[in-house]
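Summary of structural features
Residues per chain, in single letters:
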Amino acid sequence: MPRLSEVIAALENLWPAERAESWDAVGTVVGEPDQDVSRVLFAVDPVQDVVDEAVKLGVGLLVTHHPLYLRGTTTVAASTFKGRVVHTLIKNDIALHVAHTNADTADPGVSDALAGALDLRVVGPLVPDASDPEGRRGLGRICALDHPLTVREFAARAAERLPATAQGIRVAGDPEALVRTVAVSGGSGDSLFDHVRAAGVDAFLTADLRHHPASEARSHSPLALLDAAHWATEWPWCELAAAQLDEISDRNGWGLRVHVSRTVTDPWTAHAASSTSSAMGAPN
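A brief structural summary.

About the criteria used
- Residues numbered from 1 in each chain as written.
- Predicted model: local features only at pLDDT ≥ 70, side-chain atom pairs only at ≥ 80, totals over all residues.
- Heavy atoms only, no water.
- Pairing = 2+ DSSP bridges.
- Helix = DSSP H or I, 4+ residues; strand = E, 2+ residues; numbered from the N terminus.
- Axes fitted to C-alpha atoms, helices over the stretch in contact; angles between N-to-C directions.
- Buried < 20%, exposed > 50% of the residue type's maximum accessible area, 1.4 Å probe, protein only.
- Phe/Tyr/Trp six-rings, centres within 6.5 Å; stacked < 30°, edge-to-face > 60°.

Taken in spatial order, the five strands of this open sheet run β1-β4-β3-β2-β11, and their pairing is mixed. With one partner strand each, in any of the chains shown, β1 (27–30) and β11 (257–260) form the two edges of the open sheet. Going across the sheet, the axis of each strand differs from the next one's by a mean of 25 degrees, ignoring polarity. By the bridge criterion, four bridges tie strand β2 (residues 39–43) to strand β3 (residues 61–64) in an arrangement that is parallel. Within the sheet, the bridge partner assigned to Phe42 lies in β3 and is Val63.

As structure tokens, this is what we get:
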């Protein structure tokens, strides 16, 4: 059975902290380096429901994609929701480790997992990491489909392959246009439109697209936009990361039991579709 410090060293080798963005908060949040670890749980969000799941599973380490504390704080009081998370973790001897933007740009990383879930062939990074001489690391991925699909068909594939959420998949563009190449970026992606246009792809699938950037992007080109829930685009990474740690555990004879949380932590819980039979135009 490995110590926490050994498992963390393996995770840091996969996602070095120095490759995170300067504003990010990655690495180990709580945990005793010398404690033994037999079970690990991967999840997107370090929220109470996930921490409670970790307690029930008896894990010694929770690895999340999103940070618990992205900005500074002055308290970890249990009366706050993040403080309660910290108290629950420490009381149950569960460590918390975060891999965020350092996992986004990794090879393989968050967008590779997203592309894999959608059965896309990765061609290269959308925004290459200048420090990678092999040109494999970077933000987002440029992908190709094995055979063309219409925007409507590709959206249906995304809705089927990604975890179900209240939002589903929003689409901007001609539903019957053909898609041969796609840019994907797990998480919020509307800061990447310049790179997407430069890549010359037919469609861009990401999350958290805002009105003005999406409207401007559509005015520039016939690029189709597919907007999924933030959590849904990043959850496939949990399965990829778990498989990577499983391989490391087997190689080292650790015998770790690695789990992936299927607790839905997307904040949106319901969706009411607009009526398609009503007259066009905004209400008076």
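Looking now at the pairing of strand β8 (residues 178–188). Sheet topology places strand β6 (residues 138–150) next to β8; six bridges connect them, and they run antiparallel. For Ile142, the partnering residue across the bridge sits in β8 and is Ala183. Relative to strand β9 (residues 203–207), β8 is paired through four bridges, and the arrangement is parallel. Residue Val182 lies in a different strand from β9, and its bridge partner there is Ala203.

Take the environment of Arg19 next. By the element assignment, Arg19 lies in the loop between α1 (4–14) and β1. Assessed through its relative accessible area of 35%, Arg19 is described here as partly exposed. Sequence spacing of Arg19 and Ser131 is 112 residues, and the spatial spacing of their C-alpha atoms is 9.5 Å.

Tallying each qualifying case throughout the model produces three aromatic pairs. Ring centres of Phe193 and Phe204 lie 5.7 Å apart, and the angle between their planes is 75 degrees; this geometry places the pair in the edge-to-face category. With Phe193 in helix α7 (residues 193–199) and Phe204 in strand β9, the pair connects residues that are eleven residues apart, well separated along the chain. The pair formed by Phe193 and Phe204 is uniform in burial state, with each residue classed as buried. Members of the aromatic cluster, each reached through a chain of ring pairs, are Trp15, Phe42 and Trp237.

From the geometry alone we can't say anything about function, so treat these as descriptive.
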